[in-house]
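So you can see what is in the structure, the chains are spelled out below.
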Amino acid sequence: MAITAAMVKDLRELTGAGMMACKKALEAVAGDMDKAVEHLREQGLAGAEKKAGRIAAEGVSFTALSEDGKTGVVVEVNAETDFVAKNEKFQSFVREVAAQALKTNASDIDAFLAEKWELDPEKTVSQQLSAEISLIGENMHIRRFQKLHEENGFVQDYIHAGGRIAVLLQVKSSLVNETVREMARNIAMQIAALKPKYTSRKEVDQAYLDSEKEILLAAAKNEKPNAPEKVLLGMVEGRLNKELKEVCLLDQVYVRAEDGKQTVGQYVESVKKAENAEISLEGFVRYETGEGLEKKQENFAEEVAAQMGK
């Protein structure tokens, strides 16, 4: 039986599923509308489309590591409410997403969503997401993922507050023992807490430095309009250096430093010396769930009134 556009439209209106999913469902059951609805429900696709416009800014960020510890991935999956984000069913799905992302060759989120779902190759990742949306009853979104790999060392992960923040740290090391791993865990916790932008000053973009110098110089001139250029440049250099100590991981004061002065870089050097090893921090990824997303504003009284038709 030929599947017409009108049939696809009718099925979409009945179920809220996507156009292509409706077309495939109709083809699978030779155009029988009732069976097509059942087919979509079995696939978990009915109803997912209706939730797609709702804001999903809660959720969790999780990590996964390879067995040899040389590769790590961090993913962020969003839901509408914190209640669902703490639900075991939702968190189990996020762990499955992280496990697949660890193995994927996809270079971006669109390619990842289009690939086959490892636990059910009959579906894509996107289709499995739709199935989870229908099952859980909230809009959900696989927002992003990123991998790190270190052949000559390991990748350390850290998850804070049940997935509110997730960190990966790439450590190059000639020795991997418990002391080195403890160092990596401590620094991963530092990244979660103090939110550095760069690993070292070498990563800082020159355009960023030039822009900051201009801003700081203008501020210095406003403060001391009659000061000589040498004094103004000294002020700029001092303030820029202070700023870089806040945004560069190796320059940050190590939060567990006994003297309150030791930097992360000095902490790494102390472990290198004690363990007689070559150790360097090669990079990190820090995900904070929902950062940059619009938050849904909840009003429980209005929601109840709406449901009661008032």
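Residues numbered from 1 in each chain as written. Predicted model: local features only at pLDDT ≥ 70, side-chain atom pairs only at ≥ 80, totals over all residues. Heavy atoms only, no water.

**Looking at the nonpolar core**
Alright, step 1. Within the largest apolar cluster, 26 residues are counted, with the highest numbers of intra-cluster contacts made by V75, F90, F93, V97, F112 and I142.
Alright, step 2. Broken down by secondary-structure element, the contributors of at least two residues to this core are β1 (58–65), β2 (71–79), α5 (82–85), α6 (88–103), α7 (109–114), α8 (125–136) and β5 (140–149).
Alright, step 3. Of all the elements, α6 adds the most residues to this core, at seven residues.
Alright, step 4. Look past the residues within four positions of V97 in its chain and what remains in contact with it is V75, V77, F112, W117 and I142.
Alright, step 5. The next biggest cluster of nonpolar side chains, apart from the first, holds 23 residues, and it includes A184, I191, A257 and V271. (Core = buried A, V, L, I, M, F, W, Y, C linked by side-chain atoms within 4.5 Å. Buried < 20%, exposed > 50% of the residue type's maximum accessible area, 1.4 Å probe, protein only. Helix = DSSP H or I, 4+ residues; strand = E, 2+ residues; numbered from the N terminus. Contact = heavy atoms within 4.5 Å.)

**Observations concerning the packing of helix α10 (residues 206–223) against helix α11 (residues 229–247)**
Alright, step 1. In contact at an axis separation of 9 Å, α10 and α11 are set at 130° when each is read in the N-to-C sense. One way to sum up the angle between α10 and α11 is to call them oblique. Judged by the twist between their axes, the crossing of α10 over α11 is right-handed. Along the contact surface, α10 presents Y208, L209, E212, K213, L216, L217, A220, K221 and E223, while α11 presents L232, M235, V236, R239, L240, E243 and L244.
Alright, step 2. Split by residue class, the contact of α10 with α11 holds ten nonpolar, no polar and six charged. (Axes fitted to C-alpha atoms, helices over the stretch in contact; angles between N-to-C directions. Parallel < 35°, antiparallel > 145°, perpendicular 65-115°, else oblique. Left-handed = near helix turned anticlockwise from the far one by under 90°. Nonpolar A, V, L, I, M, F, W, Y, C, P; charged D, E, K, R; others polar.)

**Thoughts on the packing of aromatic side chains**
Alright, step 1. According to the stated counting rule, one finds four aromatic pairs in the structure shown.
Alright, step 2. Relative to F145, the ring of F112 has its centre 5.2 Å away and its plane inclined at 45°; by these criteria the two rings are tilted. Placement of F112 in helix α7 and of F145 in strand β5 is noted, with a sequence separation of 33 residues between them. The burial state of F112 is the same as that of F145; both residues are buried. (Phe/Tyr/Trp six-rings, centres within 6.5 Å; stacked < 30°, edge-to-face > 60°.)

**Details of helix α2 (residues 19–28)**
Alright, step 1. Taken as a whole, α2 has its buried residues at C22, A25 and L26. Looking straight down α2, one finds its buried side chains confined to an arc of 95°; they lie on one side. Exposed residues pointing more than 90 degrees away from the buried face of α2 are listed as M20 and A28.
Alright, step 2. Positive backbone phi, approximately 55°, marks A30, located one or two places after α2. (Arc of directions from axis to C-beta.)

**A few points about the packing of α6 against α8**
Alright, step 1. Where α6 contacts α8, the two axes come as close as 11 Å, and the packing angle between them is 175°. The orientation of α6 relative to α8 falls into the category roughly antiparallel. Contacts between α6 and α8 involve K89, F90, F93 and Q100 from the first element and V125, Q128, L129, E132, L135 and I136 from the second.
Alright, step 2. Class assignment for the residues of the contact of α6 with α8 results in six nonpolar, two polar and two charged.

**Focus on the confidence of the model for the chain**
As a note on interpretation, predicted positions should not be read in detail where pLDDT is low.
Alright, step 1. On average, residues of the chain score 88 in pLDDT, and 88% of them are at 70 or above.
Alright, step 2. Throughout residues 297–301 the model reports pLDDT below 50, and contacts reaching past four residues in sequence, or to other chains, amount to two contacts.
Alright, step 3. Contacts from residues 303–310, a stretch scored under 50 in pLDDT, to residues over four places away or in other chains number two contacts. (pLDDT = per-residue confidence, 0-100.)

**Overview of the sheet that holds strand β6 (residues 153–160)**
Alright, step 1. Read across the open sheet, the three strands follow the order β6-β7-β8; overall the sheet is antiparallel. Because the sheet does not close on itself, it has two edges, and the strands there are β6 and β8 (279–288). Recorded for the sheet is a direction-independent mean angle of 15° between the axes of neighbouring strands.
Alright, step 2. Where strand β7 (residues 165–173) meets β8, nine bridges bridge the pair, whose relative direction is antiparallel. Pairing of I165 across the sheet is with E288, part of β8.
Alright, step 3. The strands touched by helix α9 (residues 178–194) within the sheet are β6, β7 and β8, with β7 carrying the most contacts at an inclination of about 140°. (Pairing = 2+ DSSP bridges.)

**Description of the environment of L148**
Alright, step 1. Mapped onto the fold, L148 is located in strand β5.
Alright, step 2. The spatial distance from the C-alpha of L148 to the C-alpha of L168 is 7.4 Å, given a sequence separation of 20 residues.
Alright, step 3. Apart from the residues lying within four places of it in its own chain, the contact partners of L148 are K70, T71, G72, V155, L168, L169, Q170, G283, F284 and V285.

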